[in-house]
Amino acid sequence: MHPRPSPIAASLYTLRDLNADVIVLHGPHGCCFRTGRLLENDGVRVVTTAMSENDFIFGASEKLEETLKEAEELFHPQLVGVVGTCASMIIGEDMDDAVNNANISATVLTVESHGGLSEGDNTEGAIAVLEAAERKGVIPHEETERQSRMLKKATEIEKTRGMAQGKYIAPSYGDDKGEVAQILLDAFANGDKIAIVLNAKKETSYLFSDILKISFQDIYPENQPTTIANLDTEIGLPRIRQHAHNIQRELDKEGIVVDFVTGGLDEYPVTGIEAVDFLEKNNFDWVVVAGVPHALPIEKLKCKSIAITDGPRLVEPLKDLGYNWVVTELDAHAKTLGTDKIVSSDFGTVLREKL
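Rules of the game
- Residues numbered from 1 in each chain as written.
- Predicted model: local features only at pLDDT ≥ 70, side-chain atom pairs only at ≥ 80, totals over all residues.
- Heavy atoms only, no water.
- 1 Å grid on protein atoms, 1.4 Å probe; cavity = no way out; pocket = protein on both sides within 12 Å on 5 of 7 lines; lining within 4 Å.
- Points joined across faces, edges and corners; volume = space filled by probe spheres on them.
- Helix = DSSP H or I, 4+ residues; strand = E, 2+ residues; numbered from the N terminus.
- Axes fitted to C-alpha atoms, helices over the stretch in contact; angles between N-to-C directions.
- Parallel < 35°, antiparallel > 145°, perpendicular 65-115°, else oblique.
- Left-handed = near helix turned anticlockwise from the far one by under 90°.
- Contact = heavy atoms within 4.5 Å.
- Nonpolar A, V, L, I, M, F, W, Y, C, P; charged D, E, K, R; others polar.
- Patch = residues over 30% accessible without salt bridge, like charges linked within 9 Å, V, L, I, M, F, W, Y side chains within 5 Å.
- Areas by Shrake-Rupley, 256 points an atom, 1.4 Å probe, with all protein chains shown as cover.
- Salt bridge = Lys/Arg side-chain N within 4 Å of Asp/Glu carboxyl O.
- Lys, Arg positive; Asp, Glu negative; His and termini not counted.
- Charge placed at Lys NZ, Arg CZ, Asp CG, Glu CD.
- Buried < 20%, exposed > 50% of the residue type's maximum accessible area, 1.4 Å probe, protein only.
- Core = buried A, V, L, I, M, F, W, Y, C linked by side-chain atoms within 4.5 Å.
- Pairing = 2+ DSSP bridges.

Student: Explain empty space enclosed by the protein here, please?
Tutor: A probe as big as a water molecule, rolled over the atoms, marks out the empty space that is left. As enumerated under the stated definition, the model contains one cavity of 30 Å³ or more in all. Counted as a void, the largest cavity has a volume near 40 Å³. If you go around the largest cavity, the residues you meet are Leu 207, Phe 208, Asp 210, Ile 211, Ala 290, Ile 308, Ser 345 and Phe 347. Among the secondary structure elements, those contributing two or more residues to the lining of the largest cavity are helix 10 (205–208) and helix 11 (210–213).

Student: What should I look at first to understand the packing of helix 4 (residues 61–75) against helix 6 (residues 95–102) in this one?
Tutor: When two helices pack together, their arrangement is given by the angle between their axes and by how far apart the axes lie. Where helix 4 contacts helix 6, the axes come no closer than 9 Å and their chain directions differ by 45°. With respect to helix 6, the axis of helix 4 lies oblique. The way helix 4 lies across helix 6 gives a crossing that is right-handed. Judged by residue contacts, Ser 61, Leu 64, Glu 65, Leu 68 and Lys 69 of helix 4 engage Met 95, Ala 98, Val 99, Asn 101 and Ala 102 from helix 6. Partitioning the contact of helix 4 with helix 6 into residue classes produces six nonpolar, two polar and two charged.

Student: How should a negative patch on the surface be read in this particular structure?
Tutor: A cluster of acidic side chains, namely Glu 62, Glu 66, Glu 70 and Glu 73, defines a negative patch on the protein surface. As for its position among the elements, Glu 62 is in helix 4. For Glu 62, a relative accessible area of 59% translates into the label exposed.

Student: What exactly am I supposed to notice about the nonpolar core here?
Tutor: The nonpolar side chains of soluble globular proteins are, as a tendency, buried together. Core analysis: the largest hydrophobic core is formed by 70 residues, its most contacted members being Ile 211, Phe 216, Ile 308 and Leu 351. In terms of residues, this core owes the most to one element, helix 7 (residues 122–135), which gives seven residues. When neighbours within four sequence positions are excluded, Ile 211 is seen to be in contact with Ile 196, Phe 216, Val 288, Ile 308, Phe 347 and Leu 351. The next biggest cluster of nonpolar side chains, apart from the first, holds 19 residues, and it includes Ala 195, Ala 275, Val 276 and Leu 314.

Student: Looking at this structure, I do not really get unusual backbone geometry. What am I missing?
Tutor: Backbone geometry follows two general trends: most residues other than glycine have a negative phi, and most peptide bonds adopt the trans configuration. Even without glycine at this site, Ala 50 takes up a positive phi of about 50°. Of the residues examined, Ala 50 reaches a relative accessible area of 30% and is grouped as partly exposed.

Student: How should the sheet that holds strand 5 (residues 194–199) be read in this particular structure?
Tutor: The strands making up a sheet are joined through hydrogen bonds of the backbone, oriented either antiparallel or parallel. The strand order 7-6-5-8-9-10 describes an open sheet built from six strands, whose pairing is parallel. A strand with exactly one partner marks an edge of an open sheet, and here the two such strands are strand 7 (260–261) and strand 10 (325–328). Bridging between strand 6 (residues 226–229) and strand 7 involves two bridges; their strand directions are parallel. Bridged to Ala 229 within strand 7 is Val 261. Strands in contact with helix 14 (residues 268–282) are strand 5, strand 6, strand 7 and strand 8 (286–291); relative to strand 5, the strand with the most contacts, it is inclined by about 165°.

Written out as structure tokens, the structure reads:
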């Protein structure tokens, strides 16, 4: 019942992860404007065909052709994405025909996406991009299959454990960060066995990795935390693998050892299961899960737990799953687009102040 991410936005982000140089939104200039603006911070040029009322009646193929030609002249791209919107899909615009007529030198991926694509799940837009990329030989069939499997699993998790459960969930900003930080530090001081789990996705991992950089080992040398993370640098689309490499390199410089790697950043729907298998075998007193905590079956563990999420509408579901405390990090996407380094989190900042 409440607003959720759009398939159109997911198409834009996935094209970004394929390192597209330019994305053309075939629709009104206001469609998905916030995502388009944010992606400019990641080095992607996002433009629109600025469809208007007349175009809804007579079509806007010529506008799409002109926009593609102008984008080629301005940006000299190698990879371009053309993404449909509700307006272009409702009138049945033939985007492939317009792309062929434009005949620009770049590889062009045409993505028939719109706000209600299939069931309206955002992951449908990402899958549409992967299939278009496979058709043009940008990625192999095996990668399309793997990514699609992960995306469908992510949708399943959101519908059963997250904010897409079919009911209205009011936003909440979670527990007081200062109080939770003190509780965690008291656990360190008491000698409790603590694990910190990164189960994050895409660029938001730059924010959720911040807690891994905190020098607990210096303050509590006899009670160092165990670090678990989905930072496999060999899995995922080019940009995703680079994120994992950047974070791992920064942790190495700080002398932070990841004790157990659960998988890649785009495997967060299943890496939580890997993390729990490891945690169950080692009997921890505390578990801190940052990123996508609802993808980790916390209900299987008999310990105290803290979830760190970027979703105000996830606070209630996370408490229902069994997390004792939940803290929120707002605007994770906005804070991490365009960076290649770990950025300070609100909870991390509070912990450092208390230390």
